[in-house]
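Inside the fold
Here is how the chains run, residue by residue.
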Amino acid sequence: MIYLKTQEEIELLRENNLLVSATLAEVGKHVRPGVTTRELDAIAEDFIRSHGAVPGFLGYGGFPNTLCISVNEQVVHGIPSDYVLKEGDIVSVDCGTVMKGFYGDSAYTFAVGEIAPEVAQLLRVTKEALYKGVAQAKAENRIGDISAAVQEHAERYGYGVVRELVGHGLGRDMHEDPEVPNYGARGRGPLLKEGMVLCVEPMINLGTKHVVFENDGWTVRTRDRKPSAHFEFAIAIHKNGPDVLTDFDIIEKALKN
Ligand code: MG
Ligand code: MG
């Protein structure tokens, strides 16, 4: 069942996703060697609550924290811990909120200090793949148009496109229909309609596309333990193109200061 949103509902989703973006910017300011992922989680929880929202992931399916923090070979759903970030790590931070009955959900992968050039390229290309997918998100296109654009860009660089985890609809629930895979064929899949709100979230691996589900019940990592990147936008579908509800500019400005 795909729920189409009214413009009023889209504005509530925008409020949530802008708060997620501001939270990711706040977290990004603290990403540096020596900080633990648990400290980043606490910063995010305080920030979200002080803005009148509730962390969207905390307790969702039993998840124990505010942020999913996935370091290096961890793809998604990493649990904040006493792990101390070190120079050269990458850290994927996925954040959700609930406010006024709707969810926010976006993700950004940060570099910790200087990172290897091949890893910097993985981050750049994964974000480009997100933008290329999102550029296909307009009414009368299909989900497969988004999926194919993401996949083609990532595979042009020989990267692995994760199959087991996909994007999704977003609304009063964090995971609504339809699924938004990061692989697929143009012209296939559900038709995009005005009022759909989707999370597009490429999870792209430097090496193999294959992943392992860890015994903690949450963490997903690459099978070959090479790094993985994750960038996520929430978007609303319109006739003329995507209305992006997430704001990476606020994150990237925070990183420059
Ligand atoms: Mg997410
Ligand atoms: Mg998501």
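Heads up: the structure comes first, above all this text.
Report follows, based on the coordinates.

Thresholds, definitions, all that
- Residues numbered from 1 in each chain as written.
- Chains lettered and ligands numbered in written order.
- Predicted model: local features only at pLDDT ≥ 70, side-chain atom pairs only at ≥ 80, totals over all residues.
- Heavy atoms only, no water.
- Helix = DSSP H or I, 4+ residues; strand = E, 2+ residues; numbered from the N terminus.
- Rg over C-alpha atoms; globule rule 2.2 N^0.38 Å.
- Buried < 20%, exposed > 50% of the residue type's maximum accessible area, 1.4 Å probe, protein only.
- Contact = heavy atoms within 4.5 Å.
- Lys, Arg positive; Asp, Glu negative; His and termini not counted.
- Charge placed at Lys NZ, Arg CZ, Asp CG, Glu CD.
- Donors = N, O, S within 2.8 Å, 3.2 Å for Na, K, Ca; no water.
- 1 Å grid on protein atoms, 1.4 Å probe; cavity = no way out; pocket = protein on both sides within 12 Å on 5 of 7 lines; lining within 4 Å.
- Points joined across faces, edges and corners; volume = space filled by probe spheres on them.
- Nonpolar A, V, L, I, M, F, W, Y, C, P; charged D, E, K, R; others polar.
- Disulfide = S-S within 2.5 Å.
- Pairing = 2+ DSSP bridges.
- Axes fitted to C-alpha atoms, helices over the stretch in contact; angles between N-to-C directions.
- Phe/Tyr/Trp six-rings, centres within 6.5 Å; stacked < 30°, edge-to-face > 60°.
- Core = buried A, V, L, I, M, F, W, Y, C linked by side-chain atoms within 4.5 Å.

In terms of helices and strands, the chain carries five helices and 15 strands. Scaling as 2.2 N^0.38, a compact globule of 257 residues should have a C-alpha radius of gyration of about 18 Å, and the chain matches this with 17 Å. Viewed in the frame of its principal axes, the chain has a C-alpha envelope of about 45 × 45 × 35 Å. The 257 residues of the chain split such that 55% are buried. Residue pairs in contact within the chain that sit at least 24 positions apart in sequence constitute 70% of those at least 6 positions apart. Computing the positive centroid from 27 side-chain charges and the negative centroid from 37, the chain places the two 5 Å apart.

Quick look at the coordination of the magnesium ion (ligand 2) now. Donor atoms from the polypeptide that coordinate the magnesium ion (ligand 2) comprise Asp105 (OD), His168 (NE2), Glu201 (OE) and Glu232 (OE), at 2.1 to 2.3 Å from the metal. Here the donor residues for the magnesium ion (ligand 2) map to a single chain with the spacing D-x62-H-x32-E-x30-E. Separating the magnesium ion (ligand 2) from the magnesium ion (ligand 1) is a gap of 3.1 Å, which aspartate 105 spans by donating to each of them. Taken together, the residues aspartate 105 in strand β5 (residues 102-111) and glutamate 232 in the loop between β13 (228-230) and β14 (233-237) connect sequence positions 127 residues apart.

Right, let's get into the layout of surface pockets. In this approach a probe as big as a water molecule rolls over the atoms, and the regions it shows empty are the leftover space. Here the largest pocket defines a volume of roughly 410 Å³. The set of elements that each furnish at least two residues to the lining of the largest pocket consists of β7 (167-169) and β8 (176-180). Looking at the second largest pocket, its volume works out to about 230 Å³. In this structure, the second largest pocket is lined by Tyr108, Thr109, Phe110, Ala111, Ile115, Ala120, Leu123, Arg124, Lys127, Phe231, Glu252 and Leu255. Of the residues that constitute the lining of the second largest pocket, the class distribution is eight nonpolar, one polar and three charged.

According to the stated counting rule, one finds zero disulfides in the structure shown. Residue cysteine 199 stays outside any disulfide, its sulfur separated by 12 Å from that of cysteine 95, the closest cysteine.

Further remarks concern the sheet that holds strand β10 (residues 203-205). In spatial order, the strands read β6-β10-β13; together these three strands make up an open sheet with antiparallel pairing. Strands at the two margins of the open sheet, each flanked by one partner only, are β6 (160-161) and β13. In the sheet, β10 pairs with β13 via three bridges, with the strands oriented antiparallel. The residue of β13 that forms the bridge with isoleucine 204 is alanine 229. Helix-sheet contacts for helix α3 (residues 117-135) involve β10 and β13, and the interaxial angle to β13 is about 35°.

As a further point, take the packing of aromatic side chains. Between two aromatic rings, the relevant description is the distance of the centres plus the angle of the planes. Following the criterion strictly, the structure yields nine aromatic pairs and no others. Taken together, a centroid distance of 5.9 Å and an interplanar angle of 20° make the contact between tyrosine 157 and tyrosine 159 stacked. Since its relative accessible area comes to 31%, tyrosine 157 is described here as partly exposed. Among the aromatic residues, those joined into a cluster by ring pairs are Tyr108, Phe110, Tyr131, Phe231, Phe233 and Phe248.

This part takes up the sheet that holds strand β11 (residues 211-213). Across the sheet, which stays open at both edges, the three strands sit in the order β3-β12-β11 with antiparallel pairing between neighbours. Both edges of this open sheet fall to β3 (74-76) and β11, since each of them pairs with a single strand only. The sheet shows a mean angle of 40° between the axes of neighbouring strands, taken without regard to direction. With three bridges connecting them, β11 and strand β12 (residues 220-222) associate as antiparallel partners. What sits directly across from phenylalanine 213, in β12, is valine 220.

Before going further, it helps to spend a moment on the coordination of the magnesium ion (ligand 1). Those protein atoms acting as donors to the magnesium ion (ligand 1) are Asp94 (OD), Asp94 (OD), Asp105 (OD) and Glu232 (OE), and they sit at 2.0 to 2.5 Å. Sequence spacing of the donors to the magnesium ion (ligand 1): D-x10-D-x126-E. For aspartate 94, a relative accessible area of 7% gives the class buried.

Looking now at the nonpolar core. Core analysis: the biggest nonpolar cluster contains 54 residues, and Val31, Leu85, Val91, Leu198, Ile235 and Ile237 have the highest contact counts within it. Every residue in contact with valine 91, bar those within four places of it in the chain, is listed here: Val31, Ile69, Ser70, Val71, Leu85, Tyr108, Thr109, Phe110 and Val112. Counting residues in each nonpolar core, the second largest holds 14 residues, with Phe63, Tyr103, Leu170 and Leu245 among its members.

As a further point, take the pairing of strand β2 (residues 67-71). Within a regular beta strand, the side chains point alternately toward one face of the sheet and then the other, so they alternate between its two faces. The buried fraction of β2 is high, at five of five residues. Covered by surrounding structure in β2 are Leu67, Ile69 and Val71 together with Cys68 and Ser70, the residues of both alternating faces. Summarising the sheet, β2 and strand β4 (residues 90-99) pair through five bridges and their orientation is antiparallel. Each residue of the ladder has a partner; that of serine 70, found in β4, is serine 92.

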